[in-house]
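Geometric and topological summary
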Amino acid sequence: ERSRGLGDVYKRQLLYLYPNGYNMEYMALAKYVKEMRKQHELTQVDLSEKSGVGLRFIRELEQGKQTLRLDKVNQVLNLFGMEVGAVPMPKNAEL
């Protein structure tokens, strides 16, 4: 499979996550995945099979685990036409 150029990336919707310690971004992602899975009437097993990641990964993702591989997160999100991407931080954001 060829790597995607930036042009290909910008043709998709990006799910923007702003780092903010534990919780906000991870729980927003967890909630989004769970809601989309239910909206598409998929079980966790169905989602793991369709996305090509393990069932344990799906469970950890939906529970808001802080340390997840982004390539696997994107495998799951790609089913819903989304992906995690880097975005500019607001100028007043603390590092």
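Described in the following lines is the structure provided in the data block. No experiment lies behind these values; they were computed from the predicted model shown. (Residues numbered from 1 in each chain as written. Predicted model: local features only at pLDDT ≥ 70, side-chain atom pairs only at ≥ 80, totals over all residues. Heavy atoms only, no water.)

Packed helix pairs are characterised by how far apart their axes lie and by the angle those axes make with each other. Their axes nearest at 8 Å, the elements helix α3 (residues 44-51) and helix α4 (residues 55-62) cross at an angle of 115°. With respect to each other, α3 and α4 are oriented roughly perpendicular. When the axes of α3 and α4 are compared, the crossing they make is right-handed. On α4, the residues that touch Gln-44, Val-45, Leu-47, Ser-48 and Ser-51 of α3 are Leu-55, Ile-58, Arg-59 and Glu-62. Residue composition of the contact of α3 with α4, by class: four nonpolar, three polar and two charged. (Axes fitted to C-alpha atoms, helices over the stretch in contact; angles between N-to-C directions. Helix = DSSP H or I, 4+ residues; strand = E, 2+ residues; numbered from the N terminus. Parallel < 35°, antiparallel > 145°, perpendicular 65-115°, else oblique. Left-handed = near helix turned anticlockwise from the far one by under 90°. Contact = heavy atoms within 4.5 Å. Nonpolar A, V, L, I, M, F, W, Y, C, P; charged D, E, K, R; others polar.)

Moving on to the packing of α4 against helix α5 (residues 70-78). Orientation of α4 relative to α5, taken along the N-to-C sense of each, is 90°, at an axis distance of 11 Å. Compared by their axis directions, α4 and α5 come out roughly perpendicular. Residue-level contacts link Phe-57, Ile-58 and Leu-61 of α4 to Lys-72, Val-73 and Val-76 of α5. Broken down by class, the residue content of the contact of α4 with α5 amounts to five nonpolar, no polar and one charged.

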